[in-house]
Amino acid sequence: MAEPLKILIVDPQPESVAGLRRALNSFGTLEVVGDAGFGPVASTWAHTLEPAIVIVSVEEPLTRSLSTIQALMRGNPSWTVVGLVNQFDREVFRRTVLAGARDVLLRNSSASDLHDSLIQAHNADTLRVTTAAHDPTAPTGSIVAVFGVKGGVGKTTLATNLAVALAQESSASVALVDLDVPFGDVALMLDMHPEQDILDALADGVVDDLERLQKLLVRSQHGVHVLSAPLAPDDAGALDSRKVGQLLKRLAALHQFVLVDTPVGLTELTAAALDVSELALLVTTPEIAALRRTHACLRLLQGLEFSTSKLQLVLNRIESKTRVSSSEAIEALGHPVAWRVANDYAAMQSSAIGSPVVLQQPKSRLSKDIRLIARQLTGVPVASRASWLPWRRRTALMTAV
Ligand SMILES: Nc1ncnc2c1ncn2[C@@H]1O[C@H](COP(=O)(O)OP(=O)(O)OP(=O)(O)O)[C@@H](O)[C@H]1O
Ligand SMILES: [Mg+2]
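We now turn to the structure provided with this report. (Residues numbered from 1 in each chain as written. Chains lettered and ligands numbered in written order. Predicted model: local features only at pLDDT ≥ 70, side-chain atom pairs only at ≥ 80, totals over all residues. Heavy atoms only, no water.)

## Comments concerning the environment of Glu195
Move 1: With respect to the helices, strands and loops of the structure, Glu195 is situated in the loop between α8 (186-189) and α9 (198-201).
Move 2: On the basis of relative accessible area, Glu195 is assigned to the exposed category, the value being 74%.
Move 3: Measuring from C-alpha to C-alpha, the distance between Glu195 and Pro230 comes to 10.0 Å, with 35 residues separating the pair along the chain. (Helix = DSSP H or I, 4+ residues; strand = E, 2+ residues; numbered from the N terminus. Buried < 20%, exposed > 50% of the residue type's maximum accessible area, 1.4 Å probe, protein only.)

In structure tokens, the structure reads:
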């Protein structure tokens, strides 16, 4: 008898995965070899398991399912993608096929109908599959590093709230890594109590084991997967910055966005994050000392031939009582400011209760400014005031169907 066709199921609901697994495995001709959630993790598992068929649950919000299908079909892969819907809707069917699915099946069909339709879809895809070039490079999400050369300018506030806003605005899968050693406070800002931290992720063998790595991240109630700074500040010295780039890249194989909060200044850890990031947000406030240091940092980075195309300046706490206007600040920096974020008391109120301001006070100016950044990063349409950069167009492709 021929080997069973390997199936990967992309569905975040464990009960429906279990039901499908039982139904499909009963025939002996199909074998469910794994399951995954939406986002880059689905493609990563497909590249690892090399299934013949990938079944993707198509559900609201649609963009999450459709961008997953698009990503799975990138590079003309050797698997057939089939969508699975709860009920038939012509428009959903059309968009699912346009995203790259070979067929769309009804979830409540009988096991034998599902089986036959999957085999048919796979057979119908044979011609494309036999000419498919295997793409060995696993697709990656975008790494966004948030850094600054003056303490207290709002790096953690921005990294944390941007991560939450990205997860909420786009349903993207988002990881948030706290590299601010020894006193990182991302977990505190989200009122989380992780039991494992970045040192566990950097332990031997973990970075190459995506399943173990993913388990070390704690999913916050806001949908962000957090990797905490060392829980015991005394252990921070054990953090090897040489391994950090690889860790971030592996996380980007699991998540659409990897936000990184960094310690103040251009430390080795910050440099490691900047090196692998697609976007580096340099945060400053309109205060003389912060502007002076940020200006010096920009010159230093230019001297180091750091790719300025991925560097964007964020002017935080604009209109605060620092006697330096935004226009004066921009002039002093000598570099375009990509984003301005309001000075808003809501920031302190929210961090005091461990709840992100974008959720706690969604109508505040601060929340609106941060959501605007998130929308631009994911390609969700906004009344734009900042220009589109090439890398944003690339991430926008992941969500636009
Ligand atoms: N836009 C804002 N408006 C008002 N307050 C803000 C704003 N952004 C940050 N803050 C406040 O400034 C303080 C410092 O913010 P945050 O901890 O995010 O800065 P940081 O750069 O991460 O600091 P550190 O260098 O210590 O890591 C906090 O009390 C925060 O609530
Ligand atoms: Mg901080």
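## Brief notes about unusual backbone geometry
Move 1: In this chain, Glu60 is followed by Pro61 through a cis amide linkage whose omega measures -10°.
Move 2: As for its placement among the helices and strands, Pro61 is situated in the loop between β3 (53-57) and α3 (62-73).
Move 3: In this chain, Val181 is followed by Pro182 through a cis amide linkage whose omega measures 0°.
Move 4: Inspection of the secondary structure puts Pro182 in the loop between β7 (174-178) and α8.
Move 5: In this structure, Glu319 is a non-glycine residue whose phi angle is positive, near 65°.
Move 6: Its place among the elements puts Glu319 in the loop between β12 (311-318) and α14 (326-333).

## Focus on the site of ligand 1
Move 1: Lys155, Thr156, Thr157, Ala342 and Asp344 are the nearest of the 17 residues found near ligand 1.
Move 2: Measuring from an oxygen atom of ligand 1, one finds a backbone N or O atom of Val153 at 3.1 Å.
Move 3: For ligand 1, the accessible surface in isolation is 630 Å², of which the surrounding protein chains cover 81%.
Move 4: For the shell around ligand 1, the secondary structure elements donating two or more residues are α7 (155-170), β12 and α15 (346-353).
Move 5: Across the shell around ligand 1, the residue classes tally to 5 nonpolar, 8 polar and 4 charged. (Near = heavy atom within 4 Å. Polar contact = N/O pair within 3.5 Å; in protein donor to acceptor, adjacent residues only side chain to side chain. Areas by Shrake-Rupley, 256 points an atom, 1.4 Å probe, with all protein chains shown as cover. Nonpolar A, V, L, I, M, F, W, Y, C, P; charged D, E, K, R; others polar.)

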